[in-house]
Amino acid sequence: MPQVAFPKLLSSQIAFDIARMIMDGFDKHYRLFRASSQTAKRDFESGDWKAAQNAARERIGYYDKRVKECVQSLEDEYDEDDLTDEVWREVKLHYMGLLIDHLQPELAETFYNTVCTKMLHRNYFHNDFIFVRPAVSTEYIENKETPPTYRVYYPATDGLHYTLKRIVTNFQLKANFSDLDRDIGFVAERLTAIFGDDKIEPNHQIQVLANLFFRNKGAYIVGKGINGNKEYPFVVPILHNRKAELVLDTVLFDNIQITVLFSFTRAYFMVDMLVPSAYVQFIRSILPKKPRSEIYTILGLQKHGKNLFYRDFLHHLKYSSDRIEAAPGIRGLVMLVFALPSFPYVFKLIKDSFPPPKETTKALIKEKYQLVKNHDRVGRMADTLEYSDVAFPRARFSDELLAEIKQFAPSILEEDDDEIIIKHLYIERRMVPLNIFLTEAEKRGDDAAIEHGIAEYGNAIKELVAANIFPGDMLYKNFGVTRHSRVVFYDYDEIEYISDCNFRVIPQPRNEEDEISAEPWYPIARNDVFPEQFGTFLLGNIKVRQYFMKHHADLLTADYWQTRKKRIMEGKVDDVFPYPQEVRFSHASTYPGHQAMAANAQKAAGTTND
């Protein structure tokens, strides 16, 4: 293995100044990131949901803005001839010195990498100029001055009800609770069911992350109970009721429900984190199979999540041998999709041109994907990772797939010795296309699976509507089924805002000639939508039609869509719950399946699966 050539003496003032400028750029970014997360608490307390949505959307763009500022400053300050290879080697070493005692070193490394790769050619991406591997550990980096990441409570000493009330009041929310003692009683009842008849061990305690997790109209308490060698994760959502009073809405302790709460299909949380790696470590303790890359991403640190994901992908390539192949499903008109069977993600390339009836452009498609990135995905749209200049081993591509890329997307393909370079792609979590899911269920004679798939499909559309999203192309092939059997939308090239669409009833024919006309005799504008036509291309299968009409017949009426649009135009923000309605305290203090879920939590304690 070649040795890195370190300079004998760090003597370049230019190198130190550049390192300092990049670190200052990162510190500014994270200062603004935290400030935005802190405003989420005030927006929640006041119930200003529009402000909360705008803040979450704007925060996504902070990183790129700070990178652009930093690169511009470096380019203005230094001539290209001054930035020699030797200088860049020293820059990295000086930067490593600045990382000592830093509380976000892993994020600062990623920021450094982004700035460097903006200024250097792709050939430098894997050498000693950037952080291919972490240079500083994030283990135990908290110090005496940093506030604790989580608080510890001892219910065996203080009593469960008093402990739970302290947990809630310690967050010092500046809004009144409807009846906190009542809600604490509900939480205590369910936590008691989880702990069951376990003997209280000397280490019995409750650990709770010190800051709330904010998203949409909810705030979430994240913690875990510990008793002996068992751990019991839990999440308590706090919401506003119709009187603008706070309520504890439920307590989630089912592992699948907590996993879905932290899903890749949802908007990023707003959390004030001085030491983000400590928050990630805590969440990993309750969801041990969730990759660190996904946890960083769901916390709003998506650029570092991308960095970790790519490291995981390179590691997977090293320790696998299967070949990259076209992903299963119906070929799309806009995207080429391929996958590595052993890797749970798909790679999506935009084609160079699109046959009729598609009327779009590459730039417009990228805008649609960015819209989804910035929007509230309400658990029904897959998050995407966007990459440029990704290198794949040539030997892992089949000749057929490579020929297909050369035919449909030659402009984004480069062949470099033993590598294939894709200049631009999206990466998404792999799911089973809904059309394939339904076909396989029919072959098995599994009517329950068909009904579930169709019910979930309609639920997905309705929750997208609540978020002001019209999918555009509603064919089943554009939706996928996750490993938790949720239906998620993942094809964004025809997506539109509900508020931009005009939902119409098909006019009655004026005469017999209109009635038998092969083409519409009435004028149709670009964003006109006729819901009664959906059944033509969605409900050809008898069983599918039966279950669709049972659960979602209203989707075929213009009135449904017009009513939802009216609410959106009035500025109303609907509730979309990231957990089942039946577990909410407002439905009952106990509910069907309560004992079964408690038993599952007991079984999973100590061996939590994600």
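These notes cover the structure that comes with them.

A closer look at the overall build of the protein chain
In terms of helices and strands, the protein chain carries 21 helices and 19 strands. Relative to the 2.2 N^0.38 estimate, which gives 25 Å for 610 residues, the radius of gyration of the protein chain is 26 Å and therefore close to what a compact globule would have. Each principal axis of the C-alpha distribution contributes one length, and for the protein chain these read about 90 × 70 × 45 Å. Here the protein chain holds 610 residues, and the buried ones make up 52% of them. Of all intrachain contacts in the protein chain linking residues separated by at least 6 positions in sequence, the fraction that spans at least 24 positions is 71%. As displayed, the protein chain offers around 28800 Å² of accessible surface, 51% of which is attributable to carbon and sulfur atoms. Charge centroids of the protein chain, computed over 77 positive and 87 negative side chains, lie 4 Å from each other.

Things to note about helix 19 (residues 542-552)
Along helix 19, the residues classified as buried are Val544, Tyr547, Phe548 and His552. The arc enclosing the buried residues of helix 19, seen along the axis, measures out at 105°, which places them on a common side. The exposed residues of helix 19 that point more than 90 degrees off its buried face are Ile542 and Lys550. N-capping of helix 19 is provided by Asn541, with a side-chain oxygen placed 2.9 Å from the backbone N of Lys543.

Thoughts on the sheet that holds strand 15 (residues 479-481)
The strand order across the open sheet built from three strands is 13-15-16, with neighbouring strands paired in antiparallel fashion. The sheet is open, and its two edges are formed by strand 13 (432-433) and strand 16 (487-489), each paired on a single side. Relative to strand 15, strand 13 is paired through two bridges, and the arrangement is antiparallel. Bridging across to strand 15, Pro433 finds its partner in Gly480. Strands in contact with helix 16 (residues 447-466) are strand 15 and strand 16; relative to strand 16, the strand with the most contacts, it is inclined by about 45°.

What about the pairing of strand 9 (residues 345-350)?
For strand 9, the tally of buried residues reaches six of six residues, placing the bulk of the element in the interior. Sheet analysis places strand 8 (residues 335-339) next to strand 9, joined by five bridges and oriented antiparallel. Looking at strand 9, one finds that Phe338 is bridged to Phe347. Hairpin connection between strand 8 and strand 9: a loop of five residues separates the two successive antiparallel strands. Both strand 9 and strand 12 (residues 419-429) contribute to a ladder of four bridges, which runs antiparallel. Among the inter-strand pairings, Val346 is bridged to a residue of strand 12, identified as Glu428.

Concerning the nonpolar core
Within the largest apolar cluster, 61 residues are counted, with the highest numbers of intra-cluster contacts made by Ile18, Ile22, Trp88, Tyr95, Phe213, Phe262 and Leu299. Among the elements that take part in this core, helix 1 (residues 13-46) stands out by supplying eight residues, more than any other. Setting aside residues no more than four positions away along its own chain, Phe262 makes contact with Phe213, Val222, Phe269, Ile283, Leu287, Lys290 and Ile298. Core analysis: the second largest hydrophobic core is formed by 55 residues, Ile450, Val488, Ile495 and Trp561 among them.

Re a negative patch on the surface
A cluster of acidic residues, Glu75, Asp76, Glu77, Asp79, Glu80, Asp81 and Asp82, forms a negative patch at the surface. Residue placement: Asp81 occurs in the loop between helix 3 (62-77) and helix 4 (85-99).

Brief notes about the pattern of salt bridges
Taken as a whole, this structure holds 40 salt bridges when the rule is applied. For Arg429, the salt bridge identified is with Glu294, shortest N-O distance 2.1 Å. Of this pair, Arg429 sits in strand 12 while Glu294 sits in helix 11 (residues 292-298), and the two are 135 residues apart along the sequence. Here the two residues Arg429 and Glu294 agree in accessibility, since each one is buried. In this structure, the salt-bridge partner of Lys406 is Glu415, at a minimum N-O distance of 2.9 Å. Each of the salt bridges in this network shares a partner with another, and the network as a whole consists of Arg394, Asp399, Lys406 and Glu415.

Here's the deal with the packing of helix 1 against helix 3
Where helix 1 contacts helix 3, the two axes come as close as 10 Å, and the packing angle between them is 155°. One element, helix 1, and the other, helix 3, form an angle in the roughly antiparallel class. Note on packing geometry: the crossing formed by helix 1 with helix 3 is right-handed. Across the interface between the two elements, Ile18, Met21, Ile22, Gly25, Lys28, His29, Leu32, Phe33 and Ser36 from helix 1 touch Tyr62, Tyr63, Arg66, Glu69, Cys70, Ser73 and Leu74 from helix 3. Its residues placed into classes, the contact of helix 1 with helix 3 shows nine nonpolar, four polar and three charged.

Side note on the packing of aromatic side chains
Under the definition given, this model contains 45 aromatic pairs. On the numbers, 6.1 Å between centres and 80° between planes, the contact of Phe213 with Phe262 is edge-to-face. Of this pair, Phe213 sits in strand 3 (residues 213-215) while Phe262 sits in the loop between helix 9 (255-261) and helix 10 (276-286), placing them 49 residues apart in sequence. For the ring pair Phe577 and Tyr579, a centre distance of 5.9 Å and an interplane angle of 55° mean the geometry is tilted.

Quick look at the side chain of Glu109
For Glu109, the position within the fold is in helix 5 (residues 105-119). Nearest to the buried, unbridged Glu109 among oppositely charged side chains is Arg311, at 4.5 Å. Beyond its immediate chain neighbours, meaning those up to four positions away, Glu109 contacts Tyr95, Leu99, Phe131, Arg133, Pro134, Ala135, Val136 and Arg311.

So, how was this worked out
- Residues numbered from 1 in each chain as written.
- Predicted model: local features only at pLDDT ≥ 70, side-chain atom pairs only at ≥ 80, totals over all residues.
- Heavy atoms only, no water.
- Helix = DSSP H or I, 4+ residues; strand = E, 2+ residues; numbered from the N terminus.
- Rg over C-alpha atoms; globule rule 2.2 N^0.38 Å.
- Buried < 20%, exposed > 50% of the residue type's maximum accessible area, 1.4 Å probe, protein only.
- Contact = heavy atoms within 4.5 Å.
- Areas by Shrake-Rupley, 256 points an atom, 1.4 Å probe, with all protein chains shown as cover.
- Lys, Arg positive; Asp, Glu negative; His and termini not counted.
- Charge placed at Lys NZ, Arg CZ, Asp CG, Glu CD.
- Arc of directions from axis to C-beta.
- Polar contact = N/O pair within 3.5 Å; in protein donor to acceptor, adjacent residues only side chain to side chain.
- Pairing = 2+ DSSP bridges.
- Axes fitted to C-alpha atoms, helices over the stretch in contact; angles between N-to-C directions.
- Core = buried A, V, L, I, M, F, W, Y, C linked by side-chain atoms within 4.5 Å.
- Patch = residues over 30% accessible without salt bridge, like charges linked within 9 Å, V, L, I, M, F, W, Y side chains within 5 Å.
- Salt bridge = Lys/Arg side-chain N within 4 Å of Asp/Glu carboxyl O.
- Parallel < 35°, antiparallel > 145°, perpendicular 65-115°, else oblique.
- Left-handed = near helix turned anticlockwise from the far one by under 90°.
- Nonpolar A, V, L, I, M, F, W, Y, C, P; charged D, E, K, R; others polar.
- Phe/Tyr/Trp six-rings, centres within 6.5 Å; stacked < 30°, edge-to-face > 60°.

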